[in-house]
Amino acid sequence: METLVGCQRPRLESRPDSIGSLGDRVVRFAAAAGVHLDDWQEYVLWALFDITADNKWAANEFGLLVSRQNGKGEILVAYDLAHLFLFPREDLRRKTIIHTAHEVKTSEDGLQRLIGVVRSQERLMDRVANIYTANGQEGIVLHPREGQTLGDRIRFIARSKNSGRGFSGDTMIYDEAQELAAAARDALTYTSSAVPNKQELYFGTAPSELNESEVFEGVRDRGRHGTGRRTGWMEWTPTGSEKYDTAALIDFSDPQVWRESIPALGIRIEIETVQDQVDRATDPVTLGQERFSVWPEQKPVEEVSLSDLDMDQFNNNLLKGIKIGDAPVIAIALGRGGGFASVSMASRADEETIVVEHKRTERQTLWVPEYVAQLRKDTGAVLVVLDEKNASAILNGLKTKNVEYLAMNMNEVAAAHSMFIEYSNAGLIVHRGQEEVAKSFKFATTRKVGTAGFTWDASDPTKPITHAQSITWAAWAVTKAEANPQKPRPQVRGYS
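Because the structure is a prediction, the values reported are computed rather than measured.

**Student:** Before we go on, may I ask you to explain the overall build of the protein chain in this structure?
**Tutor:** On a plain count of helices and strands, the protein chain comes out with 16 helices and 19 strands. What you see for the protein chain is a C-alpha radius of gyration of 26 Å, in line with the 23 Å of a compact globule of 496 residues. Principal-axis analysis of the C-alpha atoms gives the protein chain an extent of 80 × 55 × 40 Å. The burial tally for the protein chain puts 55% of its 496 residues in the buried class. When contacts within the protein chain are restricted to residue pairs at least 6 apart in sequence, those whose partners lie at least 24 apart make up 73%. Accessible area for the protein chain stands at about 22,400 Å²; split by element, carbon and sulfur atoms hold 47% of it. In the protein chain, 58 side chains carry a positive charge and 69 a negative one; their mean positions are 4 Å apart.

**Student:** I'm lost on the environment of D279 in this one. Help?
**Tutor:** Here D279 is to be found in helix α9 (residues 271-280). C-alpha separation for the pair D279 and N197, spaced 82 residues apart in sequence, amounts to 47 Å.

**Student:** Where do I start with helix α12 (residues 368-379) in this structure?
**Tutor:** The α-helix winds at 3.6 residues per turn, so residues separated by three or four positions along the chain end up facing the same way. In a regular helix each residue adds 1.5 Å, so 12 residues correspond to 16 Å; α12 covers 16 Å between its end C-alpha atoms and thus fits that length. Listing the buried residues of α12 in full gives V368, P369, Y371, V372, A373 and L375. The secondary structure elements touched by the buried residues of α12 are β12 (329-334), β13 (340-348), β14 (354-363), β15 (383-387) and α13 (395-400). A positive phi of about 70° marks G380, the residue just after α12.

**Student:** Just to check I follow, could you spell out the side chain of S342 for this structure?
**Tutor:** Relative to the helices and strands, S342 is located in strand β13. Here the side chain of S342 touches T361 through a polar contact of 2.6 Å, side chain to side chain.

**Student:** When you look at a negative patch on the surface in this model, what are you seeing that I'm missing?
**Tutor:** On the surface, a cluster of negative charge is contributed by E270, E272, D276 and D279. Here E270 shows up in the loop between α8 (255-261) and α9.

**Student:** How should the nonpolar core be read in this particular structure?
**Tutor:** With 47 residues, the main nonpolar core has V44, L45, L48, F49, L81 and I140 as its most contacted residues. Here this core takes nine residues from helix α3 (residues 72-85), the largest share from any one element. The residues touching L48, leaving out its near neighbours within four places in the chain, are W57, F62, I75, Y79, Q199, L201 and F203. Of all hydrophobic cores here, the second largest spans 32 residues; its members include A333, L383, W473 and A475.

**Student:** How should I be thinking about the sheet that holds strand β1 (residues 12-14) in this particular structure?
**Tutor:** Judged by pairing direction, the sheet is mixed, and its nine strands sit side by side in the order β1-β11-β4-β10-β9-β5-β8-β7-β6 without closing on themselves. Two strands in the sheet have a free side with no partner beyond their single neighbour: β1 and β6 (128-132). For this sheet the average axis-to-axis angle between neighbouring strands, irrespective of direction, equals 15°. As judged from the three bridges shared by β1 and strand β11 (residues 231-235), these two strands associate in the antiparallel manner. Looking at the pairing, E13 lines up with M234 of β11. Its contacts with the sheet put α3 on β4 (61-65), β5 (96-101), β6, β7 (139-142), β8 (153-158), β9 (171-174) and β10 (199-204), and the angle it makes with β10 is roughly 165°. Against the sheet, helix α4 (residues 104-119) engages β5, β6, β7 and β8, with an angle of about 155° to β8.

**Student:** Would you explain the packing of helix α14 (residues 410-425) against helix α16 (residues 466-483) in this entry?
**Tutor:** Packed helices, taken two at a time, are described by their axes: the angle between them and the distance between them. With their axes 8 Å apart at the nearest point, α14 and α16 run at an angle of 95° to one another. One finds that α14 runs roughly perpendicular with respect to α16. Side by side, α14 and α16 meet where E412, V413, A415, A416, H417, M419, F420 and Y423 of the first sit next to I471, T472, W473, A475, W476, T479 and K480 of the second. Residues belonging to the contact of α14 with α16 are distributed by class as follows: 10 nonpolar, three polar and two charged.

**Student:** In this structure, what is going on with the sheet that holds strand β17 (residues 429-430)? I would like to understand it.
**Tutor:** Sheet strands associate in pairs through backbone hydrogen bonding, adopting either a parallel or an antiparallel arrangement. Judged by pairing direction, the sheet is mixed, and its six strands sit side by side in the order β16-β15-β12-β13-β14-β17 without closing on themselves. The open sheet is flanked by β16 (406-408) and β17, the only strands paired with a single partner. With three bridges connecting them, β15 and β16 associate as parallel partners. Following the sheet pairing, V385 is matched in β16 by L406. Docked against the sheet, α12 engages β12, β13, β14 and β15, running at close to 15° with respect to β13. α14 rests against β14, β15, β16 and β17 of the sheet, and its axis sits at about 85° to β16.

**Student:** Just to check I follow, could you spell out the packing of aromatic side chains for this structure?
**Tutor:** We describe a pair of aromatic rings using the distance from one ring centre to the other and the angle between the two ring planes. Overall, the coordinates contain 15 aromatic pairs when judged by the stated rule. Residues F29 and F85 carry aromatic rings whose centres are separated by 6.5 Å and whose planes lie at 40° to one another, so their mutual orientation is tilted. Note that F29 is positioned in helix α1 (residues 23-32) and F85 in helix α3, a separation of 56 residues in sequence. Take F85: its relative accessible area is 5%, and that puts it in the buried class. Considering the side-chain rings of F49 and W57, the 5.4 Å spacing of their centres and the 80° angle between planes classify their relative orientation as edge-to-face. Accessibility assignment for this pair places F49 and W57 in one class, buried. Three or more aromatic residues joined by ring pairs form one cluster here, namely F49, W57, Y79 and F87.

**Student:** Got a minute to help me understand empty space enclosed by the protein in this structure?
**Tutor:** In total, this model carries one cavity of 30 Å³ or more according to the counting rule given. When its volume is computed, the largest cavity comes out at roughly 40 Å³. Across the lining of the largest cavity, the residue classes break down as four nonpolar, two polar and one charged.

**Student:** What am I meant to see in α9 here?
**Tutor:** Three or more residues of α9 are buried, namely I271, V274 and V278. Buried residues of α9, seen end-on, are gathered within an arc of 65° and therefore sit on one face of the element. Opposite the buried face of α9, by more than 90 degrees, sit the exposed residues D279 and R280.

**Student:** Explanation requested: the pattern of salt bridges in the structure shown.
**Tutor:** Two side chains that carry opposite charge are able to pair once their charged atoms sit near each other. Going through the model one piece at a time under the given rule, you end up with 28 salt bridges. A salt bridge links E74 to R268, with the nearest nitrogen and oxygen atoms 3.8 Å apart. You can see E74 sitting in helix α3 and its partner R268 sitting in the loop between α8 and α9, a full 194 residues away along the chain. Relative accessible area serves as the criterion here: at 23%, E74 is assigned to the partly exposed category.

What counts, and at which threshold
Residues numbered from 1 in each chain as written. Predicted model: local features only at pLDDT ≥ 70, side-chain atom pairs only at ≥ 80, totals over all residues. Heavy atoms only, no water. Helix = DSSP H or I, 4+ residues; strand = E, 2+ residues; numbered from the N terminus. Rg over C-alpha atoms; globule rule 2.2 N^0.38 Å. Buried < 20%, exposed > 50% of the residue type's maximum accessible area, 1.4 Å probe, protein only. Contact = heavy atoms within 4.5 Å. Areas by Shrake-Rupley, 256 points an atom, 1.4 Å probe, with all protein chains shown as cover. Lys, Arg positive; Asp, Glu negative; His and termini not counted. Charge placed at Lys NZ, Arg CZ, Asp CG, Glu CD. Expected span 1.5 Å × (residues − 1). Polar contact = N/O pair within 3.5 Å; in protein donor to acceptor, adjacent residues only side chain to side chain. Patch = residues over 30% accessible without salt bridge, like charges linked within 9 Å, V, L, I, M, F, W, Y side chains within 5 Å. Salt bridge = Lys/Arg side-chain N within 4 Å of Asp/Glu carboxyl O. Core = buried A, V, L, I, M, F, W, Y, C linked by side-chain atoms within 4.5 Å. Pairing = 2+ DSSP bridges. Axes fitted to C-alpha atoms, helices over the stretch in contact; angles between N-to-C directions. Parallel < 35°, antiparallel > 145°, perpendicular 65-115°, else oblique. Nonpolar A, V, L, I, M, F, W, Y, C, P; charged D, E, K, R; others polar. Phe/Tyr/Trp six-rings, centres within 6.5 Å; stacked < 30°, edge-to-face > 60°. 1 Å grid on protein atoms, 1.4 Å probe; cavity = no way out; pocket = protein on both sides within 12 Å on 5 of 7 lines; lining within 4 Å. Points joined across faces, edges and corners; volume = space filled by probe spheres on them. Arc of directions from axis to C-beta.

Written out as structure tokens, the structure is:
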């Protein structure tokens, strides 16, 4: 196979104005500590340590979009080392570096990488006061410098909406930034508002349908469009992947696409590995996201209106504390390729209104039959509905768990769609306010269902619509159950 090497410079980048970089010092320090970097990794570090005339970091926020296994972890080790050992605060106050990740295992891996490097270097260990690996205290603390009361430190935290509160970070690292909820970021960011010369780092891959990526998306947009005066951005992505109207045209068998998207190609990632991934892929959207970092921006017109659903009215239908009532129904919707699923419920709130509630969305689908069986038992649900074509992956599982269901036909899917919009716009759909549901409806557009009408469709492959689908079908199922009061057990079209 032809020898290919990934591009060592990003296809798209934005670097704030600077007078130079301390990147060379960082790279030399990392190499002396045993962290040897590829050319593209060194290039990222040079940008991260660009400085202004008043000796501040040129970029107070910096985002990197690159696919998995290229080696961003080595960049983070070098970055952590530099901020911990090379760049203390000039006012002699304790410097705190907060390194966060979405998953505990990623946070632990980052810590262990850094500990491994530090322990291998006697001169670094001489400066270390303590290394903490106990749950909730993970990090490294240095001996105080002359004039300091407390030594500089780095903390490793798995993110949540409450993690990190009480810590004021000089340097914030958000690994796995594609899964960074605003609440989790806010818990860490606003405690650091008074920190001088602060820098925030966002490293991630292209998000999937289930990721809460709004924070990373904001950094991306500021970086791509140059609207963030102090926002740095780099991405290794295929030509045209940022455009909503050209991303779907990318040829993943094209070696140039590989080179643009995979800087470690031919270095850390073998060409044969990429070829196998392309040959075996069953879902081009997932392949584009996972291997080539395809993350298109949303079509501008869709930001205004994607369907006839009045989102202002839907948001005004909020009734805090409202709960699902008697004789509830359950609806199930599966995502593209069976990669995830959503379960929602609905019931009558009163004679005119229907209350809806999203119950659970998770990756994969094996959890659905057992969860729905238990949910039906706990709530006394009178009906379970689904779109049989949409939910084929779980039908046998439902049968095994003795969960009878009503398989909606094409006309019923379309009827549910039109009914939900009409009821919601009239204020007859109420809910307790769930952010994930509002987002799903906001980004859901419509597609035609034969001659029957319309149903929900994804306007952006990174925005989930299963919340919207399951909520819509649940609302319809309430009226369906009421239309057949003499049939407490549903007709199970899905069974043969």
